[in-house]
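This is what each chain is made of:
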Amino acid sequence: MEQKEKKYTGYGYHGGGRKPKGEEPKTTTMSIVCTASEKAMIKELAKKEGVTISSFIMSAIYKAADN
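Here is what the cut-offs are and how they apply
Per chain, the residues get numbers from 1 upward, laid out in the order the sequence is written. This being a predicted model, a pLDDT of at least 70 is required before a residue's local features are given, and a value of 80 or more before pairs of side-chain atoms are given or counted; all residues contribute to the totals for chains, interfaces and linings. The basis for the side-chain values is all heavy atoms of the structure; hydrogens and waters are excluded. Starting at the N terminus, helices and strands are each numbered in turn, a helix being any DSSP run of H or I of at least four residues and a strand any DSSP run of E of at least two. Note on classification: 1.4 Å probe, protein chains only; a residue is buried when its accessible area is under 20% of the maximum for its type, exposed when over 50%, partly exposed between these limits. Here, Shrake-Rupley sampling with a 1.4 Å probe gives the accessible areas, and only protein chains in the shown set may cover a residue. Using a grid of 1 Å spacing that covers the protein atoms alone, one calls a set of points a cavity when a 1.4 Å probe fits there but cannot get out, and a pocket when the set is open and has protein on both sides within 12 Å along at least five of seven lines; lining residues are those with an atom within 4 Å of a point. Grid points are joined across faces, edges and corners, and a volume is the space filled by probe spheres set on the points. Each residue gets one label: Ala, Val, Leu, Ile, Met, Phe, Trp, Tyr, Cys and Pro are nonpolar, Asp, Glu, Lys and Arg are charged, and the others, such as Gly, are polar. Only residues whose relative accessible area exceeds 30% and that take part in no salt bridge are eligible for patches, with like-charged residues grouped when within 9 Å of each other and nonpolar side chains (Val, Leu, Ile, Met, Phe, Trp, Tyr) grouped when within 5 Å. When a carboxyl oxygen of Asp or Glu is within 4 Å of a side-chain nitrogen of Lys or Arg, the pair counts as a salt bridge. Interaxial angles span 0 to 180 degrees and are taken between N-to-C directions of axes, which are lines fitted to C-alpha atoms, for helices over the stretch in contact. Oblique is the label for any angle not covered by the other classes, which are roughly parallel (under 35 degrees), roughly antiparallel (over 145) and roughly perpendicular (65 to 115). It only takes one pair of heavy atoms within 4.5 Å for two residues to be counted as in contact.

Engineer: Which residues make up the overall build of the chain, and what values go with them?
Structural biologist: A count of helical and extended segments in the chain gives two helices and zero strands. Across the 67 residues that make up the chain, the buried fraction comes to 1%. Within the structure as shown, the chain displays about 7,200 Å² of accessible surface, and the carbon and sulfur contribution to it stands at 55%.

Engineer: Summarise the layout of surface pockets; cite the residues concerned and give the values.
Structural biologist: What the largest pocket holds in volume is close to 230 Å³. T28, M30, I32, I53, S54, I57, M58 and I61 together form the lining of the largest pocket. Its residues assigned to classes, the lining of the largest pocket shows six nonpolar, two polar and no charged.

Engineer: How would you sum up a nonpolar patch on the surface? Please name residues and give values.
Structural biologist: On the surface, a cluster of nonpolar side chains totalling about 290 Å² of accessible area is made up of M58, I61 and Y62. Tracing the sequence through the fold places I61 in helix α2 (residues 53-66).

Engineer: Could you give an account of the packing of helix α1 (residues 36-49) against α2, naming the residues involved and the relevant values?
Structural biologist: One way to put it is that α1 packs onto α2 with a least axis distance of 9 Å and a crossing angle of 90 degrees. Classified by the interaxial angle, the pair formed by α1 and α2 is roughly perpendicular. The residues of α2 that touch α1, namely those facing I42, K43, L45, A46 and E49, are I53, F56 and I57. Of the residues assigned to the contact of α1 with α2, the class counts are six nonpolar, no polar and two charged.

Here's what the structure looks like:
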C-alpha cells in the first residue's frame, strides 16, 4: 500500500503567516536591560504581588503615566 505524501501549499501552512484579528496583535515582546540584582528585585516584587513580571512592569508604567 503506497501512502501519498501530503503537500502543503499556501500561506496558512501550520498557521504561519496568519493575519492577527483586530487592529493590532494581542502581544509583543520587549526587552529591558538591567543588572542581575535589579532583575532579581523585580522578579521578587512581582512574586509578592502575585503577578507576572510583565504585568508588574506594565502596572508600574500605567501608574507613572497617571501622575
